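This is what each chain is made of:
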Amino acid sequence: MKKFDKENEGGGGAEKKSEKDQSWIPKMFKKRVCTTFLEDSSSQEALCQCGGAKESHFSVTTGDGLVSIWDSLQHTSEYPTDAFGEVEFAGAGRRHNPFLRFSQDTPPDVVYSLMTTQWGLPVPNLVVSLVGGEGKEKTKPWVREMIRQGLVRAAQGTGAWIMTAGLKEGISRCVGEAVRDHCATVSSLSQAKVIAVGVAPWGSIYKRQQLINPQGSFPARYYAHNMPHDSSCLDNNHQAFLLVDDGSIGHRGSETQFRANLEDFISHQRTGIWGSIEIPVLCMLIAGDAAMLERVDSSLKNTTPWLILAGSGPAADLIAGILRDLNTPSTPPTSPTLPSPDKQSSTSNNAELTNRVRERIKKHFPFETDLDKLVDLALSICENKDLITVFHGDKEGLDDFDTIILKALVRAAKKDSNDASEYTEELKLAVAWNRVDIAKSELFNSDIQWTFEDLEESMTDALVNDKPQFVRLFVESGLNILDYLTYHRLENLYSSLSDSTLVYSFLQRRLHERVGLAASQNRLTLQPNDNLPFKHSINTHIPPAIQELTLYEVSRMLSEIMEDVCQPFYYEALGLEKKVTSKKAMKLVNKMLLEEIPPYRKKRCKNPWVALFTWAVLQNRREMSIYFWEMSGESVLSALAGCKILRELSKLETETEEKQSMKELAQTFENLAHDVYSECYQNSESHSFKLLIRQSLVWGEATCLQMATAADARLFFSHDGVQTLLSQIWWGDMDSKTEVWKLVLAFFMPPFIYSDLINFRVEEKEENPEDYQQGKEFDSVEGVESTAEILPTEEDLEECIALRENPEGSKANPPKRPFMINRWRQFWFAPVTSFLGNVLMYFLFLFLFAYVLLVDFKPPPPIGPSPVEFVLYFWVFTLVCEELRQTFCVGTTTIVQRMKLYIQDIWNKCDLTAILLFLLGLICRMFPFSFDFGRSILCLDYMVFTLRLIHIFAVHKQLGPKIIIVGKMVKDVFFFLFFLGVWLMAYGVANQALLYSYDSRPGWITRRVFYRPYMHIYGQIPLDEIDADKRAEKECTDNVTLIHGGAEPCPQSDANWLVLILLSVYLLVTNILLVNLLIAMFSYTFNKVQEHSDVHWKFQRYNLIVEYHSRPCLAPPFIIISHLHIFIKRVIQKRPSVKIQHFVLNIKDKQASWLNTWESMLKENLLSVEGKKLRESDTERLKRTSTKVDSVLKQMVEIRDHDRRLRKLETEVEYCSTALSWIVEALSRSDLVKHTPPPPPPPPSKGIALKSPTSHR
């Protein structure tokens, strides 16, 4: 419907497009026109029995007198329809509703296809067809309230179509008004779920000529003013109109048969996940006349369920009364000891039932003559009583009307269902309508034992259609997610993605790549088509199995999103090696798919909750992804992974709303990671540190710190626990509270290392085995099958103690070093010492560079360079070696990925620029012809090397945030320069053309157009050139030859007044407007960053710590020694790095399970506290109070109803008491009985009888 409405709003272009698209409608849909005039005896030969005037039959032959009854099929002919398109009602805004006039015998499948495809109506989850209640009679108040409060609300909750007669009278008008009021009070998303469809007889519509246009109306403007009392017009609150034409005029009932056929056709269509259930259709009878019995009987024979509103009118009351009689025994029970003649008893019962039905028909339809036909119809209806549900609206409440509809459909579903479980269809309907409250109260109330097979299909439906409450309900009701989620079902879930999502395009691209490889191997041509869904064939010559989506495409997509943070997903399930090339992997997957059933598809998913969490996050499903996160293990890392995925997708998303939604959900997951880690840190610092650096097998050997860095989780990094760990790593084995001056003193005087000047951290005590016993208090969670895995054995305790002694995770403790060597390594191998050394040596490098440029910069060879300059060259060479080490020797990814990661850092770009400029300057200074240019390049390069100092000061707590602010302001300057450049060029060109039009020297033109206007901003305004009054003081010439020779040109004075005006405007705009705009931008940036400066600085500090932690302990130029040492250890001796263990910890299975259990326990505590806060919030309290008030009001209504019944019963008892008194008195006066003394009065009581004035008798 949204698409349809947008097309309507498009104006004339949209109208032409709609007309072109629907030009085929007259060829397929026909209208009926009466071609035979049969005189209507009551019209004095003026009208035909079809209702049309005699003059309208002038072009056709009249009847020959042998036929006396008009028949539509016999006396009409079909012509192309001339009424279709869109209708616009007067006073109803610019909303256009589709309509179509067609013959009564049009196939319903064609009409349904038009409605869902061309008109854009959503496929319904339910169709409620309101029958009866038409005409000018006033609708009862409780029926109107039932439609407003019950039916429309149920339709909105279930996504239903409400089918009526579409006329502005009776029930149709009530439905239209209810839909209108509902749409005015709910969101636009809910409005699309309430669809009112009108099926009206064409000949009964007032001013139907306004809808006629053989080429289609886009729109047809419909005005129905001053309408006669006996006429009916279309209701403007319906969304679509089907105008059924049988050739008659003013006759009703022509649409009845088509409407029944359409209902029957829709009931055989399927909805839900992959067509899991048929669309339920429910007919609702409100009032109705005698002819309605035939309509009910024909629909019941098509097994269409009916809901009868008892008390609404004659036909509904008749059927309700007959069904009540069937449920009431009419004959006394026979004795079990005496034989009963079954045949005679059955005959007598049928006769008695027939008499009852006849009496009821006479009561409700006293003026009907054909009673036998009505009796037969009523008895036929009784034969299908299982399809009928009676609703007493005047006695039952309207709050559970949707439940009444569901039960009415379930009664019919049970009658036709061949399923072993009689409640499966009811569950499918509840899932399709997203009514988890009905499912909880009616189906999951501990009375029904659900099996895995019963819930399996509904679980898939709930997952695909984003119904997390049902997913939670199924899991709580015993559905084992391990048995449910196999790799094959996971592939099906990814295959069900909407083709409008960003993830779908990723998967489609990778699938097309793999299928293309299979086609190239078979020497076939693959036609690219990114619009094809997964389930469709891409190439008919390729086996269908290869064209199916697999986990390989999912893995490739996740690798692109997660970049180099994680190892490939699902490679182990597919039997692929982690380092296999993509081409080889695709060949192996294609080969595997050629098997009848690939072996991996039968396996259970190893980490089902994480797999479902990833699937939900990729689709940006908020509630479902949060639920899966609650159920998954490794909560902190999973939340950070969700944050990373969403932020990467938001960068690629083009729709603004979807992008913003992704960013908000990413921030939610970052907050969850922060909160859970805060709980962990408060519980145990040492265990929380392990969480940060533990390698996760679930998330491809990633750690929390790595994932948080990739996700740009600045809030997470600002946590005190994360900063404490980083401080420990930064200071190494030294105490993090050590003053800086002590560190500097020890750096220049190494003997102080062995004194008490610097405090070193004392090794922590071994973990108490009793503390390790706390695992037995934890429940089983992800990765732990039972508490037996958590309870420690002697081997576990030894491993725990060994791990504490060796936090690096090595299998054996290295031999203990002497105190002198150990203390020396502890000081010089700390990242803070490396940082201090690099800072000091970098200042020395800059001093040496400046000395060479200012003092000792010799001419080209053979005179130069000087020895000091050669030292500078060697120094830069060591810097190049360090940059090469950072590029190619850090990380475990491929060379290309390492280079991309290196280039992404802005300071690495600065280093690369400085080195390249230095090489260029070095080459140029070696030759006499380019010596000066080389010197200039080196001077510029010195500036770049000096600006590199900014990165060094980022570690400072006060300077770090200011550096971030400066970086943000630099971006603002670029926007300012853009606006300034526009005004500068505009003024500069105009000024040059007005003052020096005859001076064509390019250099001076450039200077006067760009340089001089720019200097005007700073107050350098040459008035002797601009102001004509002051030009006499300056010597100049107008001779072009002299000017080209170097003489000063005289400015032209013809437009001096215009030059002064332009200068004033230029200075006003630049000095006042643009400069103040720049100041305002700076102020906004400063305030914005200053609020979160601490968060930004802590995140930037992590990158600096990681950089210097990985650096060798020696600074350039002595770093070349460390490079040689690293080359020998890593390449020749192949010894792994120990320092990397500070950021990566690989713990064993049981210890990992224990850590997961501890983390999950604290997460449950956090969720429990948050849930308690939510329950105690004002909003939830108001909701509970509202629910209680509604319950009290409902009970008050019931009490009022009971009171009314008691009063009625009291009146009847009083009447009976009076009648009995009269009988007793009459008998006492008659001679039939002997006179006896009256009975004694009854004892006084509180009964109702005491209120009777004759109760003493």
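No experiment lies behind these values; they were computed from the predicted model shown. (Residues numbered from 1 in each chain as written. Predicted model: local features only at pLDDT ≥ 70, side-chain atom pairs only at ≥ 80, totals over all residues. Heavy atoms only, no water.)

**Notes on the confidence of the model for the chain**
Chain-level statistics for the chain give a pLDDT mean of 80 and a share of 83% at 70 or above. Summarising per-element confidence for the chain, the mean pLDDT is lowest in helix α1 (residues 2-8) (38) and highest in helix α25 (residues 608-618) (95). The model gives residues 765-812 a pLDDT under 50, and that stretch makes 71 contacts with residues more than four places away or in other chains. Of the regions scoring below 50 in pLDDT, residues 1245-1257 engages in 16 contacts with residues more than four places distant in sequence or in other chains. (pLDDT = per-residue confidence, 0-100. Helix = DSSP H or I, 4+ residues; strand = E, 2+ residues; numbered from the N terminus. Contact = heavy atoms within 4.5 Å.)

**Section: unusual backbone geometry**
Excluding glycine, a negative phi dihedral is what most residues carry, and trans is how most peptide bonds are arranged. Geometrically, the link from Gly-864 to Pro-865 is a cis peptide bond, its omega value of -5° lying close to zero. Following the sequence through the fold, Pro-865 ends up in the loop between α37 (831-854) and α38 (867-888). Omega for the bond connecting Pro-1116 with Pro-1117 falls within 30 degrees of zero, at 5°, which places this linkage in the cis form. Along the polypeptide, Pro-1117 turns up in the loop between α48 (1093-1110) and α49 (1119-1132). Phi is positive for Tyr-570, close to 60°, though the residue is something other than glycine. Its location among the elements puts Tyr-570 in the loop between α22 (551-562) and α23 (571-574). Of note in this structure, Asp-712 is not a glycine but carries a positive phi near 55°. Within the secondary structure, Asp-712 is located in the loop between α30 (704-710) and α31 (714-717). Exposure remark for Asp-712: the relative accessible area of 33% places this residue in the partly exposed category. (Buried < 20%, exposed > 50% of the residue type's maximum accessible area, 1.4 Å probe, protein only.)

**Let's talk about the sheet that holds strand β12 (residues 281-285)**
Spatially, 10 strands are ordered β8-β3-β4-β9-β7-β6-β5-β12-β13-β14 in an open sheet, and the strand pairing comes out mixed. Taken across any chain shown, the strands that pair with only one partner, and hence form the sheet edges, are β8 (217-222) and β14 (388-392). With strand direction ignored, the average angle separating the axes of adjacent strands in the sheet is 25°. Sheet topology note: the strand β3 (residues 84-89)/β8 ladder contains 4 bridges and is parallel. Note that in β8 the partner of Glu-88 across the bridge is Arg-221. Against the sheet, helix α10 (residues 292-301) makes contact with β5 (126-131), β12, β13 (306-310) and β14, and its axis sits at roughly 150° relative to β13, the strand it touches most. (Pairing = 2+ DSSP bridges. Axes fitted to C-alpha atoms, helices over the stretch in contact; angles between N-to-C directions.)

**Remarks on the packing of aromatic side chains**
According to the stated counting rule, one finds 45 aromatic pairs in the structure shown. A ring pair is formed by Phe-849 and Phe-918, whose centres lie 5.8 Å apart and whose planes are at 80°; its orientation type is edge-to-face. Taken together, the residues span a long stretch of sequence, with Phe-849 in helix α37 and Phe-918 in helix α40 (residues 906-925) at a distance of 69 residues. Here Phe-849 matches Phe-918 in class, with each residue buried. Three or more aromatic residues link up through ring pairs in this structure, and these residues are Tyr-842, Phe-845, Phe-849, Phe-870, Tyr-873, Trp-875, Phe-918, Tyr-942 and Phe-945. Cation over ring: Arg-925 sits above Phe-857, and NZ or CZ is 4.4 Å from the ring centre. Between Arg-1008 and the ring centre of Tyr-996, over which it is positioned, the NZ or CZ distance is 4.0 Å. (Phe/Tyr/Trp six-rings, centres within 6.5 Å; stacked < 30°, edge-to-face > 60°. Lys NZ or Arg CZ within 6 Å of the ring centre and 35° of its normal.)

**Describing the pattern of salt bridges**
Under the definition given, this model contains 39 salt bridges. Notably, a salt bridge pairs Asp-483 with Arg-604, separated by 2.4 Å at the nearest N-O pair. Of this pair, Asp-483 sits in helix α19 (residues 481-484) while Arg-604 sits in the loop between α24 (582-593) and α25, and the two are 121 residues apart along the sequence. Where Arg-885 meets Glu-882, a salt bridge forms, and the shortest distance between an N and an O atom there is 2.7 Å. Placement of both Arg-885 and Glu-882 in helix α38 is noted, with a separation of 3 residues, approximately one turn of the helix. (Salt bridge = Lys/Arg side-chain N within 4 Å of Asp/Glu carboxyl O.)

**Here we look at the state of the cysteines**
Tallied over the full model, the rule gives 0 disulfides. Take Cys-704: it sits in no disulfide, and the sulfur closest to it among the cysteines is that of Cys-680, at 9.3 Å. Of the residues examined, Cys-704 reaches a relative accessible area of 2% and is grouped as buried. (Disulfide = S-S within 2.5 Å.)

**Focus on helix α36 (residues 819-828)**
Looking at α36, one finds that the buried residues are Arg-823, Gln-826, Phe-827 and Trp-828. Of the surrounding secondary structure, the elements contacted by the buried residues of α36 are α33 (740-748) and α37.

**Notes on helix α16 (residues 436-443)**
Taken together, the buried positions of α16 are occupied by Val-436, Ile-438, Ala-439 and Leu-443. Looking straight down α16, one finds its buried side chains confined to an arc of 155°; they lie on one side. (Arc of directions from axis to C-beta.)

**So, a negative patch on the surface**
Negative charge collects at one region of the surface, where Asp-289, Glu-368, Asp-370 and Asp-376 lie side by side. Assignment of secondary structure puts Asp-370 in the loop between α12 (342-364) and α13 (371-382). (Patch = residues over 30% accessible without salt bridge, like charges linked within 9 Å, V, L, I, M, F, W, Y side chains within 5 Å. Areas by Shrake-Rupley, 256 points an atom, 1.4 Å probe, with all protein chains shown as cover. Lys, Arg positive; Asp, Glu negative; His and termini not counted. Charge placed at Lys NZ, Arg CZ, Asp CG, Glu CD.)

**Notes on the packing of helix α32 (residues 720-731) against α48**
Interaxial distance between α32 and α48 falls to 10 Å at its minimum, and their mutual angle equals 25°. With respect to α48, the element α32 is oriented roughly parallel. For the pair α32 and α48, the crossing hand works out as left-handed. Here α32 contributes Asp-720, Gln-723, Leu-726, Ser-727, Ile-729 and Trp-730 to the contact with α48, which in turn contributes Lys-1098, Arg-1101, Tyr-1102, Ile-1105, Tyr-1108 and His-1109. A class-by-class count of the residues in the contact of α32 with α48 yields 6 nonpolar, 3 polar and 3 charged. (Parallel < 35°, antiparallel > 145°, perpendicular 65-115°, else oblique. Left-handed = near helix turned anticlockwise from the far one by under 90°. Nonpolar A, V, L, I, M, F, W, Y, C, P; charged D, E, K, R; others polar.)

**Let's talk about a nonpolar patch on the surface**
Side chains of Phe-975, Phe-978, Phe-979, Val-982, Trp-983, Trp-1057, Ile-1061, Val-1065 and Leu-1077 sit close together on the surface and give an oily, nonpolar patch of about 920 Å² of accessible area. The set of elements that each furnish at least two residues to the nonpolar patch consists of α43 (959-995) and α47 (1056-1091). Per-element tally for the nonpolar patch: the top contributor is α43, with 5 residues. Judged by its relative accessible area of 35%, Leu-1077 falls in the partly exposed class.

**Focus: the environment of Gly-170**
Topologically, Gly-170 is positioned in helix α7 (residues 170-185). We classify Gly-170 as buried; its relative accessible area is 11%. For the pair Gly-170 and Glu-134, spaced 36 residues apart in sequence, the C-alpha to C-alpha distance is 4.7 Å. If we ignore the near neighbours within four places in the chain, the residues touching Gly-170 are Gly-133, Gly-135 and Thr-139.

**Considering the packing of α37 against α38**
One way to put it is that α37 packs onto α38 with a least axis distance of 10 Å and a crossing angle of 140°. Judged on the interaxial angle alone, α38 and α37 are oblique. The handedness of the crossing between α37 and α38 comes out as left-handed. Residues Met-841, Leu-844, Phe-845, Leu-848, Phe-849, Tyr-851 and Val-852 of α37 form the contact with α38, whose own contacting residues are Val-868, Glu-869, Val-871, Leu-872, Trp-875, Val-876 and Leu-879.

**Focus: the pairing of β5**
Summarising burial for β5: 6 of the 6 residues are buried, a large majority. Burial along β5 is two-sided: the face carrying Leu-126, Val-128 and Leu-130 and the face carrying Val-127, Ser-129 and Val-131 are both buried. With 4 bridges joining them, β5 and strand β6 (residues 160-164) adopt parallel strand pairing. What sits directly across from Val-128, in β6, is Ile-162. Judged from the 5 bridges that link them, β5 and β12 form a sheet pairing that is parallel.

**Comments concerning a positive patch on the surface**
Together, Lys-1172, Arg-1175, Arg-1181, Arg-1184 and Lys-1188 make up a region of like positive charge exposed at the surface. Only α50 (1149-1175) and α51 (1178-1229) provide two or more residues apiece to the positive patch. Of all the elements, α51 adds the most residues to the positive patch, at 3 residues. Structurally, the position occupied by Lys-1172 is in helix α50.

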